Amino acid sequence: MPTKKILYLDLDNTIVNFQSGIDRLSPADIVGFENDLDEVPHIFSLMDPLPGALDAYAVLAEKFDTYILSTAPWKNAQAWHDKVKWVQKHLGHESGSAAYKRLILSHHKNLNRGNFLVDDRGANGANRFEGEWLQFGIAPFENWDKVTEYLLPRA
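Given the structure is predicted, the values throughout are model-derived calculations rather than measurements.

Draft legend 1. Region of the structure containing helix 3 (residues 53-63). Turning to helix 3, its buried residues number three or more, namely Ala 53, Ala 56, Tyr 57, Leu 60 and Ala 61. For helix 3, the arc enclosing every buried residue in end-on projection is 130 degrees, short of the 170-degree limit, so these residues lie on one face. In helix 3, the exposed positions that point more than 90 degrees away from the buried face belong to Asp 55 and Glu 62.

In structure tokens, the structure reads:
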């Protein structure tokens, strides 16, 4: 049986709607974090999935060896926990679920080997990834329909 190609998917603004978490913060939550909203405690637990992201993950996980590759803020240890809980809540926490033990948190995405990385930004090594980087949110990969349309024939 042939080996599946490796696909990494970022969380923030790729699978997860970061703005939805910001929108749920109170003015009191933001005090002291105005320029670093990703450091607000528990902000990641407040976020919704982006439209089509969960369905796309399920479809792509059938065809690729799929992992979530995200970065958590260094100064917000709670974010690391909340990202794990978000993945468990939205993509499954049971053994055998598509995202079970498939979350990698790293500030150096370029150190991961694989064929494809879907990420909205080139930060944290995404722009130095040795496989193909698909920049999510801009043409030609402006939404999950476009991403899956591109990736499925390349599985």
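Draft legend 2. Broad picture of the nonpolar core. Judged by nonpolar contacts, the single largest core of 34 residues is most densely connected at Ile 15, Val 118, Trp 144 and Leu 151. Listed by contribution, the elements that provide at least two residues to this core are strand 1 (6-9), helix 1 (18-23), helix 3, helix 4 (77-91), strand 6 (116-119) and helix 5 (144-151). A per-element tally of this core places helix 3 first, with five residues. In contact with Trp 144, not counting residues within four places along its chain, are Leu 9, Thr 14, Ile 15, Pro 51, Gly 52, Ala 53, Ala 56, Leu 60, Val 118 and Phe 136. Counting five residues, the second largest nonpolar core, distinct from the first, contains Tyr 8, Leu 69, Leu 117 and Ala 126.

Draft legend 3. Region of interest: the layout of surface pockets. In this structure, the largest pocket encloses a volume near 330 Å³. Lining the largest pocket are 21 residues, and of these Asp 12, Asp 38, Thr 71, Arg 121 and Asn 124 lie nearest its centre. For the lining of the largest pocket, the per-class residue count stands at six nonpolar, four polar and eleven charged.

Draft legend 4. Unusual backbone geometry, seen in detail. Cis geometry marks the peptide bond from Ala 139 to Pro 140, where omega comes out at 5 degrees. With respect to the secondary-structure elements, Pro 140 resides in the loop between strand 7 (132-135) and helix 5. In the Ramachandran plot, His 42 falls in the positive-phi region, its phi being about 70 degrees despite a non-glycine side chain. Despite not being glycine, Lys 101 shows a phi value in the positive range, around 55 degrees. By the secondary structure assignment, Lys 101 is in the loop between helix 4 and strand 5 (103-105).

Draft legend 5. Region of interest: the packing of helix 3 against helix 5. Direction vectors running N to C along helix 3 and helix 5 enclose 10 degrees, while the axes themselves pass 9 Å from each other. The orientation of helix 3 with respect to helix 5, classified from their angle, is roughly parallel. Where helix 3 approaches helix 5, its residues Ala 53, Ala 56 and Leu 60 are matched on the opposing element by Trp 144, Thr 148 and Leu 151. Considering only residue class, the contact of helix 3 with helix 5 consists of five nonpolar, one polar and no charged.

Draft legend 6. Structural context of the environment of Lys 85. With respect to the element layout, Lys 85 can be found in helix 4. Each C-alpha atom of the pair Lys 85 and Phe 44 lies 9.2 Å from the other, and the pair is 41 residues apart in sequence.

Cut-off values and rules
Residues numbered from 1 in each chain as written. Predicted model: local features only at pLDDT ≥ 70, side-chain atom pairs only at ≥ 80, totals over all residues. Heavy atoms only, no water. Buried < 20%, exposed > 50% of the residue type's maximum accessible area, 1.4 Å probe, protein only. Helix = DSSP H or I, 4+ residues; strand = E, 2+ residues; numbered from the N terminus. Arc of directions from axis to C-beta. Core = buried A, V, L, I, M, F, W, Y, C linked by side-chain atoms within 4.5 Å. Contact = heavy atoms within 4.5 Å. 1 Å grid on protein atoms, 1.4 Å probe; cavity = no way out; pocket = protein on both sides within 12 Å on 5 of 7 lines; lining within 4 Å. Points joined across faces, edges and corners; volume = space filled by probe spheres on them. Nonpolar A, V, L, I, M, F, W, Y, C, P; charged D, E, K, R; others polar. Axes fitted to C-alpha atoms, helices over the stretch in contact; angles between N-to-C directions. Parallel < 35°, antiparallel > 145°, perpendicular 65-115°, else oblique.

By themselves these figures say nothing about function.
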